[in-house]
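Listed here are the chains, written in short residue letters.
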Amino acid sequence: MMQLSEKAAYVKGLIEGLELDPKDKQTKVFKVVADLLCEMAEEIKELGQCYDDVCDQVDGISEDLAGVEDMIGSETFGSVSYDNDAADDSEMAYEVTCPTCGTTTYLGENSLNAGVIRCPSCSEVLELGYVEDELDDTEDSEESSEE
Ligand SMILES: [Zn+2]
């Protein structure tokens, strides 16, 4: 199978073989296109070599990772998989602002179930009320603003 660079050189040779008038504007275009083809073929060849290098490195990393996986244990490693995204979606994040110091704390569902948290900044006890009812008001205001 012919390499891209060989094909490009072949096309360039064909164009030169036409013995076109060097003063003709079309000849100029042909030459530029032929040069461009050769350059692109070279570039693609280099990219291909880089790609091979990267593949080799990825293979090496995979092998190293397999070793790490064995050390940690496959069960532990499995829990750090991409499935975590789904878990994050189901766990609602709540935002609580401390009335004493104004620090905003983000809570997971676990903290919320406790009902009360301590402000990480000033240790003020914050009671957590339900804020879901207020969401209906914001929906109404959005509708009216669209009109
Ligand atoms: Zn505070």
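Quick summary incoming for the structure in this document. (Residues numbered from 1 in each chain as written. Predicted model: local features only at pLDDT ≥ 70, side-chain atom pairs only at ≥ 80, totals over all residues.)

A few words on the overall build of the protein. Looking only at helices and strands, the protein has six helices and four strands in total. The linear arrangement of helices and strands in the protein, starting from the amino end, is α-α-α-α-β-β-α-β-β-α. Counting the 147 residues in the protein, one finds 1% classified as buried. Contacts in the protein between residues far apart in sequence, at least 24 positions, make up 29% of those at least 6 positions apart. (Helix = DSSP H or I, 4+ residues; strand = E, 2+ residues; numbered from the N terminus. Buried ≥ 20, exposed ≤ 12 C-beta atoms within 10 Å, placed from the backbone. Contact = placed C-beta atoms within 7 Å.)

The next point concerns the pairing of strand β1 (residues 94–97). Bridging between β1 and strand β2 (residues 104–107) involves four bridges; their strand directions are antiparallel. Bridging across to β2, Y94 finds its partner in L107. Taking the residues that link successive antiparallel strands as the turn, the β1-β2 hairpin has six residues, and the phi of G102 there is positive, at about 80°. (Pairing = 2+ DSSP bridges.)

Once that is clear, we can look at the packing of helix α1 (residues 4–17) against helix α2 (residues 25–72). For the pair α1 and α2, interaxial distance at closest approach is 8 Å and the crossing angle is 170°. In terms of their interaxial angle, α1 and α2 are classed as roughly antiparallel. Facing L4, S5, A8, A9, V11, K12 and I15 of α1, the residues of α2 in contact are F30, K31, A34, L37, C38, A41, E42, I44 and K45. Considered class by class, the residues forming the contact of α1 with α2 number 11 nonpolar, one polar and four charged. (Axes fitted to C-alpha atoms, helices over the stretch in contact; angles between N-to-C directions. Parallel < 35°, antiparallel > 145°, perpendicular 65-115°, else oblique. Nonpolar A, V, L, I, M, F, W, Y, C, P; charged D, E, K, R; others polar.)

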